[in-house]
Amino acid sequence: MKFTLTGITSAAAALLLGGCTLQSPPSSSQLAELELAHAKAPQEWRAGGSAGKLEAGWLASFNDPRLNALADEALAYNQDLRVAASRVEIAAVALQAAGGGLYPEVNLLGRSGGKVNNGGSQLSGLILQGSWEIDLWGRLRYGQAAADAQYQSAQADQRFASQSLLATLAKAWFLAAEASRQLGLNTEMQQAAEKLAQLAEDRRRVGVGSEAEVALALANLHGLRDGGEQIKLSLSQSKRALEMILGRYPAAEIELPTELASLPPLPPTGLPSELLERRLDVIAAERKVAAAFARSGEASAARLPRLSLTAALSTVSSSIFVLQERDQPSFGAGASVLVPLLNGGQLQAQVELRGLEQKQAAAAFAAIAQRAFNEVETALANEAALAKREPLLRQGLSENQRALGLEHERYQVGSRDLRSVQQQQLETLGASMSLLRLQSEQRLQRVQLHLALGGEVLGPK
């Protein structure tokens with residue numbers, strides 16, 4: 001049978017146009033409808049929130065320029081982000097390799113037979129050969145679609161890793177500010193305890209106090225100093241944690257904030273139905289389902305016949321044989337069909353394996369989506385609870401401070417012993433620490449809410 005180049009090209013075009021059309025994977029909304037039928041998202045958040053558009057750049061809402069600068073540093077030098085970036089690069093190369101199968105393959109073969117006994121040369125020549133598999137059933141295109149979906153998933157994972165890292169940075173920054181403020185409160189209490197110890201010594205010297213009161217005052221002072229050393233250790237650990245996030249050497253030398261950043265108003269939270277289209281970890285999971293779907297289609301198409309077009313251009317010469325049309329190039333073209341017959345059930349097993357992988361990917365998507373909903377609802381509930389507690393703790397601290405002043409006055413005039421003053425001093429310190437802890441937790445929960453909602457950490461530059 002004779003083949004002409006024009007005929008082969010026309011046949012290839014006809015086969016490509018009539019080839020199998022790829023089926024589209026399910027969308028995130030379709031996946032949610034199928035996989036989360038038992039936990040269907042409501043029309044609005046149960047724990048509160050307002051239906052408004054999320055604005056990019058939530059980190060700037062805390063109005064802390066140093067935190068914004070550290071965010072840029074973390075994105076540039078954090079080692080974990082470099083690992084995530086390498087995964088994207090690997091996926092991009094894999095996509096390029098998968099797409100190569102859709103194009104013709106051309107190879108050049110050179111042959112020389114060496115020398116014979118009488119010194120003459122055997123056959124030698126060059127062969128330029130090409131082949132092109134016509135993707136009738138979409139096997140190659142499914143493979144490319146799987147690689148493309150995997151690449152998009154890696155990109156989403158990298159962006160989510162960046163968001164998570166910056167959220168961790170913000171939390172570490174606020175915890176460090178809390179520890180700094182704790183040290184300040186402890187220092188204030190130490191100064192008050194020193195004055196109390198001096199007062200106890202003065203009372204003992206004039207005969208209205210006792211040695212036991214002096215010892216008790218000094219013991220209280222030493223206890224506060226020990227607490228200060230513990231806070232200093234916590235501060236150094238906070239510094240090292242921040243430096244690790246920033247990619248620096250953990251030398252505990254970074255300058256920390258001394259006060260908590262201002263708490264901005266509660267941001268719009270959008271609708272639950274919008275979350276799956278915005279959260280990057282959910283998007284990455286949905287793309288993994290698409291990749292598994294495409295691999296399943298690729299495995300199914302692999303069981304069907306394969307058609308390839310081949311062509312070769314060759315030139316052959318010999319010094320010991322007389323060849324007709326010596327050294328004149330010759331061209332040949334043809335087609336081949338590969339029909340899988342017996343393979344020990346490997347192809348069928350591959351189809352079943354890919355189907356199970358698709359099922360697993362869908363279940364993973366549902367788990368991540370449900371966790372995303374839970375994170376938002378939990379963060380909103382925590383926000384509301386902390387907002388209710390803050391005025392109560394502020395009032396409690398105010399009353400404790402007033403009581404401490406009264407106990408000091410009574411001790412100075414001799415109507416109270418030292419234990420009452422010290423007890424009230426500890427109560428006041430505890431109330432201050434509780435309010436500080438709540439204020440720090442408010443900022444941590446605000447960061448968690450932003451991360452759960454999937455908003456962009458940094459705004460456009």
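Just so it is clear, the structure is predicted and the values come from calculations on it, not from any experiment. (Residues numbered from 1 in each chain as written. Predicted model: local features only at pLDDT ≥ 70, side-chain atom pairs only at ≥ 80, totals over all residues. Heavy atoms only, no water.)

**Regarding the overall build of the chain**
Turning to step 1, where the next piece is worked out: A tally of helices and strands in the chain yields 10 helices and 4 strands.
Turning to step 2, where the next piece is worked out: Listed by position from the N terminus, the elements making up the chain come as α-α-α-α-β-β-α-α-α-α-β-β-α-α.
Turning to step 3, where the next piece is worked out: Taking the contacts inside the chain whose residues are at least 6 apart along the sequence as the reference set, 83% of them involve residues at least 24 apart.
Turning to step 4, where the next piece is worked out: Accessible area for the chain stands at about 25800 Å²; split by element, carbon and sulfur atoms hold 55% of it. (Helix = DSSP H or I, 4+ residues; strand = E, 2+ residues; numbered from the N terminus. Contact = heavy atoms within 4.5 Å. Areas by Shrake-Rupley, 256 points an atom, 1.4 Å probe, with all protein chains shown as cover.)

**Things to note about a nonpolar patch on the surface**
Turning to step 1, where the next piece is worked out: A contiguous nonpolar patch, built from Val-106, Leu-108, Leu-126, Leu-128, Leu-313 and Phe-331 and spanning about 590 Å² of accessible area, is present on the exposed surface.
Turning to step 2, where the next piece is worked out: Those elements that provide at least two residues to the nonpolar patch are strand S1 (105-112) and strand S2 (124-134).
Turning to step 3, where the next piece is worked out: Relative to the assigned elements, Val-106 resides in strand S1.
Turning to step 4, where the next piece is worked out: On the accessibility criterion, Val-106 (55% relative accessible area) is exposed. (Patch = residues over 30% accessible without salt bridge, like charges linked within 9 Å, V, L, I, M, F, W, Y side chains within 5 Å. Salt bridge = Lys/Arg side-chain N within 4 Å of Asp/Glu carboxyl O. Buried < 20%, exposed > 50% of the residue type's maximum accessible area, 1.4 Å probe, protein only.)

**Some words on the nonpolar core**
Generally speaking, soluble globular proteins have nonpolar side chains that are buried together.
Turning to step 1, where the next piece is worked out: Residues Leu-59, Leu-67, Ala-74, Leu-169, Phe-174, Leu-242 and Val-447 are the most contacted members of the largest nonpolar core, which totals 43 residues.
Turning to step 2, where the next piece is worked out: Residue assignment for this core shows that the elements contributing at least two residues are helix H3 (65-77), helix H5 (139-205), helix H6 (211-245) and helix H10 (418-453).
Turning to step 3, where the next piece is worked out: Examining the composition of this core, we find that 16 residues originate from one element, H5, more than from any other.
Turning to step 4, where the next piece is worked out: Those residues in contact with Leu-59 that lie beyond four places of it in its chain are Leu-67, Asn-68, Ala-71, Ala-170, Val-457 and Leu-458. (Core = buried A, V, L, I, M, F, W, Y, C linked by side-chain atoms within 4.5 Å.)

**Topic: the environment of Glu-298**
Turning to step 1, where the next piece is worked out: Summarising the element assignment, Glu-298 is placed in helix H8 (residues 280-301).
Turning to step 2, where the next piece is worked out: Under the relative-accessibility criterion, Glu-298 is labelled partly exposed at 27%.
Turning to step 3, where the next piece is worked out: Separated by 160 residues in the primary sequence, Glu-298 and Gly-138 have C-alpha atoms spaced 7.1 Å apart.

**Topic: the packing of H5 against H10**
Turning to step 1, where the next piece is worked out: It is at 10 Å that the axes of H5 and H10 come closest, and there the two elements cross at 170°. Taken together, the axes of H5 and H10 are roughly antiparallel relative to one another. Note on packing geometry: the crossing formed by H5 with H10 is right-handed. (Axes fitted to C-alpha atoms, helices over the stretch in contact; angles between N-to-C directions. Parallel < 35°, antiparallel > 145°, perpendicular 65-115°, else oblique. Left-handed = near helix turned anticlockwise from the far one by under 90°.)

**Details of the packing of aromatic side chains**
For any two aromatic rings, the description comes down to two numbers: the centre-to-centre distance and the angle of the planes.
Turning to step 1, where the next piece is worked out: One pass over the structure, following the stated rule, counts 3 aromatic pairs.
Turning to step 2, where the next piece is worked out: Their ring planes at 80° and their centres at 6.5 Å tell us that Trp-58 and Phe-62 sit as a pair that is edge-to-face. Comparing Trp-58 with Phe-62, the two get one shared label, buried.
Turning to step 3, where the next piece is worked out: Relative to Phe-174, the ring of Phe-62 has its centre 5.0 Å away and its plane inclined at 55°; by these criteria the two rings are tilted. With a gap of 112 residues between them, Phe-62 in the loop between helix H2 (28-35) and H3 and Phe-174 in helix H5 connect regions that are remote in the sequence.
Turning to step 4, where the next piece is worked out: Given the relative accessible area of 0%, Phe-174 is considered buried. (Phe/Tyr/Trp six-rings, centres within 6.5 Å; stacked < 30°, edge-to-face > 60°.)

**Some thoughts on the pattern of salt bridges**
Turning to step 1, where the next piece is worked out: The tally for this structure, following the rule as stated, stands at 21 salt bridges.
Turning to step 2, where the next piece is worked out: Here Glu-456 and Arg-159 are joined by a salt bridge, their closest N and O atoms 2.7 Å apart. With a gap of 297 residues between them, Glu-456 in the segment after H10 and Arg-159 in helix H5 connect regions that are remote in the sequence.
Turning to step 3, where the next piece is worked out: On the accessibility criterion, Glu-456 (33% relative accessible area) is partly exposed.
Turning to step 4, where the next piece is worked out: Between Glu-399 and Arg-402 there is a salt bridge whose closest N-O contact spans 3.2 Å. Of this pair, Glu-399 and Arg-402 both sit in helix H9 (residues 346-413), separated by 3 residues, roughly a single helical turn.
Turning to step 5, where the next piece is worked out: What makes Glu-399 partly exposed here is its relative accessible area of 36%.
Turning to step 6, where the next piece is worked out: A relative accessible area of 53% means that Arg-402 is categorised as exposed.

**Brief notes about unusual backbone geometry**
Turning to step 1, where the next piece is worked out: The residue Asn-63 is not glycine, and still its phi comes out positive at about 55°.
Turning to step 2, where the next piece is worked out: Here Asn-63 shows up in the loop between H2 and H3.
Turning to step 3, where the next piece is worked out: A relative accessible area of 61% means that Asn-63 is categorised as exposed.
Turning to step 4, where the next piece is worked out: Positive phi values are uncommon outside glycine, yet Ala-252 reaches one of about 55°.
Turning to step 5, where the next piece is worked out: Looking at where Ala-252 falls in the secondary structure, it is placed in the loop between H6 and helix H7 (272-278).

**Quick notes on the packing of H5 against H6**
Turning to step 1, where the next piece is worked out: With their axes 8 Å apart at the nearest point, H5 and H6 run at an angle of 165° to one another. For the element pair H5 / H6, the angle class is roughly antiparallel. Here the hand of the crossing between H5 and H6 comes out left-handed.
Turning to step 2, where the next piece is worked out: Here the contact of H5 with H6 is built from residues that sort into 21 nonpolar, 10 polar and 8 charged. (Nonpolar A, V, L, I, M, F, W, Y, C, P; charged D, E, K, R; others polar.)

**A word on the side chain of Ser-153**
Turning to step 1, where the next piece is worked out: Note that Ser-153 resides in helix H5.
Turning to step 2, where the next piece is worked out: For Ser-153, a relative accessible area of 1% corresponds to the buried category.
Turning to step 3, where the next piece is worked out: Not counting residues within four places of it along the chain, the set of residues in contact with Ser-153 comprises Ala-284, Arg-287 and Lys-288.

**What to know about the environment of Gly-57**
Turning to step 1, where the next piece is worked out: One can find Gly-57 in the loop between H2 and H3.
Turning to step 2, where the next piece is worked out: On the accessibility criterion, Gly-57 (15% relative accessible area) is buried.
Turning to step 3, where the next piece is worked out: Gly-57 sits 11 residues away from Asn-68 along the chain, and the two C-alpha atoms are 9.9 Å apart.
Turning to step 4, where the next piece is worked out: Apart from the residues lying within four places of it in its own chain, the contact partners of Gly-57 are Glu-456, Val-457, Leu-458 and Gly-459.

**Overview of the environment of Arg-446**
Turning to step 1, where the next piece is worked out: Here Arg-446 shows up in helix H10.
Turning to step 2, where the next piece is worked out: Note on Arg-446: relative accessible area 3%, which makes it buried.
Turning to step 3, where the next piece is worked out: Counting along the chain gives 67 residues from Arg-446 to Ala-379, while the straight-line C-alpha distance between them is 7.6 Å.
Turning to step 4, where the next piece is worked out: Those residues within four positions of Arg-446 in sequence are excluded, and the remaining contacts are Phe-62, Leu-263, Pro-264, Pro-265, Leu-266, Pro-267 and Glu-383.

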